[in-house]
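Structural overview for review
Listed here are the chains, written in short residue letters.
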Amino acid sequence: IGARPYLSITANVHDQDLGSATDAVQKSIANIGELPKGLFIDQIGLSTVLKDTMESLQIGLLIAIIVILLMLTANFQNFKTALVIVTTVPAVVLGSLILLMLTGATLNLQSYMGIIMAVGVSIANAVLLITNAEQLRKHNRNALQSAREAASLRIRPIIMTTIAMVAGMLPLAIGHGEGGDQIAPGGRAVIGGLIFSTFAVLIILPLIYCVLDALGTFADSIVLETLDEDVANVAYELTFLACGFAS
């Protein structure tokens, strides 16, 4: 096969993010229809790098959530408790996306890292509350009362942690200075995720805790304890496998 002629088309992005420009280019290529035999279109440049980076971050966020769930299961020896704590993750993602949309920021490398950071802080707040609720439930055998007491006892440290984190991210989120617009989405993602997750931890999380506890009362407690121990043992092994895959 001899040399093949090719035509290079280059363009710069103006007043638009690279992801939106890439989607527009792909849509235009799709509208061309079926190409003649022997012709093909190869899209190269920073758009391919962006696509690979975003896919890697999505996989990294998913692996982080799975590893957290497995480690919490192994720590609490109870899959139900770990599942309750991980339910704060959707609130983090929702809060980050809403604030990014309101401020005109995009979902990029910095914002993804901000979401992952906010997930870690929100999980820590949830662990603080649920651990206290579990200790209280062992004494009074009442999940609803335990959740209320735990929320009232831990509301101050949870709110203070959120305020401190948000205050620390404000200079980053404002984005003043040279290159500030590029790193600002990371701070905004952290702030939005923490604000939403704080309300979720203090209000929604105790309700989920009570609902799952009520559902668990219909089964034999001995069977549940045995099942939780088996799940915890499996979680130990899967945690090491997931950590090795992530590394």
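In what follows, the structure referred to is the one given above.
Let me begin by describing the structure that accompanies this report.

Cut-offs applied
- Residues numbered from 1 in each chain as written.
- Predicted model: local features only at pLDDT ≥ 70, side-chain atom pairs only at ≥ 80, totals over all residues.
- Heavy atoms only, no water.
- Helix = DSSP H or I, 4+ residues; strand = E, 2+ residues; numbered from the N terminus.
- Buried < 20%, exposed > 50% of the residue type's maximum accessible area, 1.4 Å probe, protein only.
- Salt bridge = Lys/Arg side-chain N within 4 Å of Asp/Glu carboxyl O.
- Core = buried A, V, L, I, M, F, W, Y, C linked by side-chain atoms within 4.5 Å.
- Contact = heavy atoms within 4.5 Å.

1. Remarks on the overall build of the protein
When helices and strands are tallied, the protein shows eight helices and zero strands. Shown N-terminal to C-terminal, the secondary structure of the protein runs as helices and strands in the order α-α-α-α-α-α-α-α. Evaluated residue by residue, the protein yields a buried proportion of 34% over its 247 residues.

2. Details of the pattern of salt bridges
Scanning the model with the defined rule gives one salt bridge in all. Ionic pairing is found between Glu134 and Arg137, a salt bridge with its closest N-O pair at 3.1 Å. Of this pair, Glu134 and Arg137 both sit in helix H5 (residues 109-140), three residues apart, roughly one helical turn. We classify Glu134 as buried; its relative accessible area is 12%.

3. Notes on the nonpolar core
Within the largest apolar cluster, 41 residues are counted, with the highest numbers of intra-cluster contacts made by Leu72, Ile85, Val119, Leu129, Ile130, Leu205 and Tyr209. Breaking this core down by element, the ones donating at least two residues are helix H2 (46-76), helix H3 (79-86), helix H4 (89-102), H5, helix H6 (143-174) and helix H7 (180-216). Looking at this core, the element that brings in the most residues is H5, giving 10 residues. Those residues within four positions of Tyr209 in sequence are excluded, and the remaining contacts are Val84, Ile130, Ala133, Glu134, Arg137, Ala143 and Ala147.

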